Amino acid sequence: MKRVLLNVDKYQYDIHSLFKAFWGNEDVKVVIALDSVSYDSNEDLGDCDEDFFAKVGIISDKESEQGVFGKVAVCVFPDIREEISFFDSNNTEKEDSASTSGAVTELDTSKNAVKKAIYLALKKATGKELPWGNLTGIRPTRIAMNLIDKGRTDEEIADYMKNTYFVSDEKTSLSIAIARREKEILKDIDYENGYSLYIGIPFCPTTCLYCSFTSYPIGAYSKLVDDYIGCLEKEIDYVADNFKDKTLDTIYIGGGTPTTLEPHQLERLIGYVKEKLDTSCVKEFTVESGRPDSITRQKLQTMHRMGVDRISVNPQTMRDETLRLIGRRHTVSQLIDSFKMAREEGFDNINMDIILGLPGETAEDVRYTIEEIKKLGPDDLTVHSLAIKRGSKLAEVLHEKELKGELKVPILESINNTEEMMSIAARGAADMGLTPYYLYRQKNISGNFENTGYARKGKAGIYNILINEEVQSIVALGAGTVTKRVYGNGRIERCDNVKDIKLYMDNLQEMIDRKNILFK
């Protein structure tokens, strides 16, 4: 256990995330110590207790008409200390500017000064640099996009990301390239008068051990599916009544695994959407088919006939051994057959997902997966870095296998993404003519890397960009979904549907009322 004492009741999430980024294999606890933490510059740091690790806090601050000036300090035992000055301006409209010298400037807020000091201290303590520097947010490309909107050049953006957040040159270049590509892809989207629709199907053939999405085994819930679709239809009625003057830009049916629905159920749901909503301006209609063991030719024919123009057929890995380990009940052979069947049925925009850092996999496994995917030639490849919680089912299974001696390497090493794996995937995408078009990060992500979508020209997933950049309102239907309203000034408000299927169905009107309140 690594314990961090903090003398202010704020920034806990960012502090915890940053320490975990450096010490991913350790439990980290941030404790609000307030007055009990001393930051005297002459303090003898001495030896730490066995479970003690660091002190973080604001050691001085002074208010003025312009804002609050102060200094933060980070002490990493036994002998590392970093101090950084900050300035929290009273002018909320004050434009950020880039540091060109690499030195800390007065323009650092107290929050970023804390994160900078932690980063520099842990860099010294571990000899390690993080690809995304001190960034803990999940949307790093938004920084580049905001600076592009302010007219900054690529060089100015690169300087800002490097000197303000210590982002590596590679990730800085990637962020800028993706931000510019996103702006081009979204240039015809009407943010103010448009919206996107998400429909959640919370059923799967089985639940993957790493999965954190709302998902229920279809075998146990099959008798509820028709009634569940009936509830979705009532939510669709709400959308039809309240968004008739808005433009529907994209539709995404996700899950779970939407193709656990039978062909007639898919036809019923998609048909109801097209009957009730004006889909004449829809630029993309995606169904996340995902699991090959849920795909049949009849389902593919139904989706294609009903106007679905983008699907996912997801391998995660092309190693059968790993698929079994993570709870996927399909084989690589089934994946290949499903992909080819989708091509035969006319789908010319097929996404595939892979996950790097899966338990026991090495760079050679990733290379093999990429080479096998090249043979299929998807139009869109999403490369995920495994994000796993220590208390998840996957972690429990791996621990049991470690005790039995069934893992090739120790558990903490068996879940490990690397720069080499990321490079293999990126080069493989480039070899297939795919370029990066969106990017996001997750908490506890393996290797402190990111998830990146690559696509052929004209095949990028528009909804993926919209949901990640949060620039357009998204109306979400179904159990466990979250609706987002994006205002013209960038403010975002949310309302959620309950995750439990029966609770969702029993309290459907409340779910609709939540949306009514959000969009009133």
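Nothing here was measured: the structure is a model prediction, and the numbers come from that model.

## Examining the pattern of salt bridges
As enumerated under the stated definition, the model contains 35 salt bridges in all. Note that Asp379 and Arg343 form a salt bridge whose closest N and O atoms lie 2.9 Å from each other. One end of the pair, Asp379, is in the loop between α12 (363–376) and β13 (380–385); the other, Arg343, is in helix α11 (residues 332–344), and 36 residues separate them in sequence. Take Arg343: its relative accessible area is 28%, and that puts it in the partly exposed class. Between Lys484 and Glu470 there is a salt bridge, and its shortest N-O distance comes to 2.7 Å.

## Overview of unusual backbone geometry
The omega angle of the peptide bond from Gly255 to Gly256 is 15°, so this bond is cis rather than trans. Summarising the element assignment, Gly256 is placed in the loop between β9 (247–255) and α8 (263–276). Unusually for a residue other than glycine, Tyr11 sits at a positive phi of about 70°. Checked against the element boundaries, Tyr11 lands in the loop between β1 (2–6) and α1 (12–22).

## Focus on the side chain of Asp353
Position of Asp353 among the secondary structure elements: in strand β12 (residues 350–356). Within the buried set, Asp353 has no salt-bridge partner at all; the shortest N-O distance to an opposite charge, 6.9 Å, is to Arg310. Only 2.8 Å separates the side chain of Asp353 from the side chain of Asn351, close enough to count as a polar contact. Side-chain polar atoms of Asp353 contact the side chain of His384, separated by 3.4 Å. Dropping the residues within four chain positions of it, Asp353 is found in contact with Asn314, Pro315, Gln316, Thr382 and His384.

## A look at the confidence of the model for the protein chain
Low pLDDT means the predicted atomic positions in that stretch should not be read closely. When pLDDT is averaged along the protein chain, the result is 88, and 86% of the positions lie at 70 or above. Every residue in residues 41–50 scores below 50 in pLDDT, and together they form 13 contacts with partners more than four places removed in sequence or on other chains. pLDDT under 50 marks residues 93–106. Its contacts with residues more than four places away, or in other chains, come to 26 contacts.

## What about the packing of helix α7 (residues 225–242) against α8?
Look at α7 against α8: their axes get within 10 Å of each other, and the N-to-C directions meet at 10°. Taken together, α7 and α8 sit at an angle that is classed as roughly parallel. Mapping the contact onto sequence places Val225, Asp226, Ile229, Gly230, Leu232, Glu233, Ile236, Asp237 and Ala240 in α7 and His264, Gln265, Arg268, Leu269, Tyr272, Val273 and Lys276 in α8. Here the residues of the contact of α7 with α8 are counted per class, giving 8 nonpolar, 3 polar and 5 charged.

## Things to note about the packing of aromatic side chains
Two descriptors summarise a pair of aromatic rings, namely the distance from one centre to the other and the angle between the planes of the rings. Using the criterion set out here, one finds 14 aromatic pairs in the structure. On the basis of an interplanar angle of 80° and a centroid distance of 5.8 Å, the ring pair of Tyr160 and Tyr165 is categorised as edge-to-face. Classification of Tyr160 as buried rests on a relative accessible area of 6%. Looking at Tyr165, the relative accessible area reads 15%, which means it is buried. Taken together through their ring pairs, the aromatic side chains of Tyr195, Tyr238, Phe243 and Phe519 make up a single cluster. For Arg319, the ring lying beneath its charged end belongs to Tyr368, and the centroid distance is 4.0 Å. The ring of Tyr487 has Arg491 lying over it, and the distance from NZ or CZ to the ring centre is 3.8 Å.

Rules used in this analysis
- Residues numbered from 1 in each chain as written.
- Predicted model: local features only at pLDDT ≥ 70, side-chain atom pairs only at ≥ 80, totals over all residues.
- Heavy atoms only, no water.
- Salt bridge = Lys/Arg side-chain N within 4 Å of Asp/Glu carboxyl O.
- Helix = DSSP H or I, 4+ residues; strand = E, 2+ residues; numbered from the N terminus.
- Buried < 20%, exposed > 50% of the residue type's maximum accessible area, 1.4 Å probe, protein only.
- Lys, Arg positive; Asp, Glu negative; His and termini not counted.
- Polar contact = N/O pair within 3.5 Å; in protein donor to acceptor, adjacent residues only side chain to side chain.
- Contact = heavy atoms within 4.5 Å.
- pLDDT = per-residue confidence, 0-100.
- Axes fitted to C-alpha atoms, helices over the stretch in contact; angles between N-to-C directions.
- Parallel < 35°, antiparallel > 145°, perpendicular 65-115°, else oblique.
- Nonpolar A, V, L, I, M, F, W, Y, C, P; charged D, E, K, R; others polar.
- Phe/Tyr/Trp six-rings, centres within 6.5 Å; stacked < 30°, edge-to-face > 60°.
- Lys NZ or Arg CZ within 6 Å of the ring centre and 35° of its normal.

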